[in-house]
Amino acid sequence: MAVLNITDEEILKLKNAESLVWLNSAFKKTSAPLVTPNRKELFDAEARLARFAPLLARLFLELEAYNGLIESPLLASQKNTKDKPDLYYKADHQLPVAGSIKARGGIHEVLHFAESLAIKNGIINEQNFDYKTLANPPARDLFERYTIAVGSTGNLGLSIGIMANALGFKAVVHMSSDAKEWKKERLRKRGVKVIEHASDYGAAVAAGRAESDADPFSYFVDDENSSHLFMGYAVAALRLRAQLDDQGIQVNSEHPLFVYLPAGVGGAPGGITFGLKSLFGEDVHCFFAEPVQAPCMLLGMAGAQNSHPIHVKDMGLSIDTDADGLAVGTASQWVCDATRHLLSGVYTATDKELYQSLLALKEEENIEVEPSAAIARLGPQLLESEAGQNYLIKHNLVSKINQSTHIAWLTGGSFVPEEEYQNYLNKARRT
């Protein structure tokens, strides 16, 4: 087994599928990472989404009122009081078009590919900057020659499949055994080809990649290694900064920001972490959240730089969790290497804790999410643990905690069918 930067006690908790808080000893290290995302690409991604906004408003009726902007609100917790740090919810479960945190990254990657094809074929040029023309026959005739494929547990497949189909591409989504049936049906109704795999996420991605590589007119969206996805996700940090400014929320050395991000293979939370650290530097502290049966990012971040992350099954774990969006066995090495010095730590939670959180969000905040998103609400509790207290002491945050702001990133849930959501609530009430 690879050498891990983790204590014997933490390894025991991991193997026993117990909740824990792991602090990243590589955080703030000055040595240069092997993978260094370019900050300029963050602003390039934001500009690309702005260029495509008029087209998106034309393709999706739900975006007309927002001028083609795909964004979610920042919601203050109804439980906030003057004597405690403020908690907010970044409501990506309400993101239009795709209904999850995967919307920005997945849609950006499809738009990046479409733009490159349009420029290469002279549809977009110095004389024609009107991206709405990409909905017209010349562009659609071009796009129809190509297939866009992706491997997914569900939410990334929705964002890629819906966007690709809207532009006229053929879309194929390879879905793992963890994927929910309603997500498959939603894609099929959009005209997306769904290929089901009996194995886990990693195997579905590998199969999809192999099939796509064999077709010169197929483009594979690789959640494990894509900088275009990563930067699309990172754009969320720019949007969040504007929302914080609009609400008069300070982020500085005296008013630190803590952000809690559910993590699967790592692309979305990694991209957002990169974006936030690019904008706020040492004043923001990002923690990933994972199910106890699928702590792949914890294992990936605890490994050595440029070393392939180990599979959770090597720790005797099963990947068996109702948090289907987080049911991943092996983390993205690319994301681990890109964010190893940026991430503060990782916490894990049991499915029972996820369901308790899901129920609390409904009863206390009237927020409806899927289990994968509910884990974010548990974030502020980690600072009450021994590891959390050690983190505050080490980084001189004890005296600043009452002036801090905490954001739980709600990653998905608005597209969950009502019957499915009621099943979540019933299960939560039984736990």
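The rules behind each value
Residues numbered from 1 in each chain as written. Predicted model: local features only at pLDDT ≥ 70, side-chain atom pairs only at ≥ 80, totals over all residues. Heavy atoms only, no water. Helix = DSSP H or I, 4+ residues; strand = E, 2+ residues; numbered from the N terminus. Rg over C-alpha atoms; globule rule 2.2 N^0.38 Å. Buried < 20%, exposed > 50% of the residue type's maximum accessible area, 1.4 Å probe, protein only. Pairing = 2+ DSSP bridges. Axes fitted to C-alpha atoms, helices over the stretch in contact; angles between N-to-C directions. Contact = heavy atoms within 4.5 Å. Polar contact = N/O pair within 3.5 Å; in protein donor to acceptor, adjacent residues only side chain to side chain. Parallel < 35°, antiparallel > 145°, perpendicular 65-115°, else oblique. Nonpolar A, V, L, I, M, F, W, Y, C, P; charged D, E, K, R; others polar.

Scanning the protein from terminus to terminus reveals 15 helices and eleven strands. Relative to the compact-globule value of 22 Å for 431 residues, the protein shows a C-alpha radius of gyration of 21 Å, a close match. In terms of principal-axis extent, the alpha carbons of the protein reach across some 60 × 50 × 45 Å. Taking all 431 residues of the protein together, the buried fraction comes to 60%.

Moving on, we get to the sheet that holds strand β2 (residues 74-76). Here seven strands make up an open sheet; going across it, the order is β1-β10-β9-β8-β11-β3-β2 and the pairing mixed. Two strands close off the open sheet at either side, each with one partner strand: β1 (21-23) and β2. Along the sheet, successive strands turn relative to each other by an average axial angle of 25°, direction set aside. Two strands pair when backbone bridges link them, and strand β3 (residues 86-91) and strand β11 (residues 405-410) are joined in this way by six bridges, in the parallel orientation. Considered in β11, the bridge of Asp86 is made with Thr405. Sitting on the sheet, helix α12 (residues 351-365) is in contact with β3, β10 (345-349) and β11, with an inclination near 90° to β10.

With that settled, the discussion passes to the environment of Lys183. You can see Lys183 is positioned in helix α6 (residues 181-189). Once the C-alpha coordinates of Lys183 and Leu59 are considered, the two residues, 124 residues apart in sequence, prove to be 21 Å apart. Excluding its chain neighbours within four sequence positions, the residues that come into contact with Lys183 are Gly154, Asn155, Leu158, Met175, Asp324 and Glu370. Side-chain polar atoms of Lys183 contact the side chain of Glu370, separated by 3.4 Å.

With parallel pairing, the four strands of this open sheet are ordered in space as β6-β5-β4-β7. Edge positions in the sheet fall to β6 (193-196) and β7 (218-221), since each of these pairs with one other strand and no more. With strand direction ignored, the average angle separating the axes of adjacent strands in the sheet is 20°. Sheet topology places strand β5 (residues 170-175) next to β6; four bridges connect them, and they run parallel. Along β6, the bridge assignment pairs Met175 with Glu196.

Once that is clear, we can look at the packing of helix α2 (residues 39-59) against helix α9 (residues 267-280). It is the contact of α2 with α9, at a shortest axis distance of 10 Å, that shows an interaxial angle of 110°. Considering the angle they form, α2 stands roughly perpendicular to α9. Contacts from Arg39, Leu42 and Phe43 of α2 reach α9 at Phe274, Gly275, Ser278 and Leu279. When the residues that make up the contact of α2 with α9 are grouped by side-chain class, the tally is four nonpolar, two polar and one charged.

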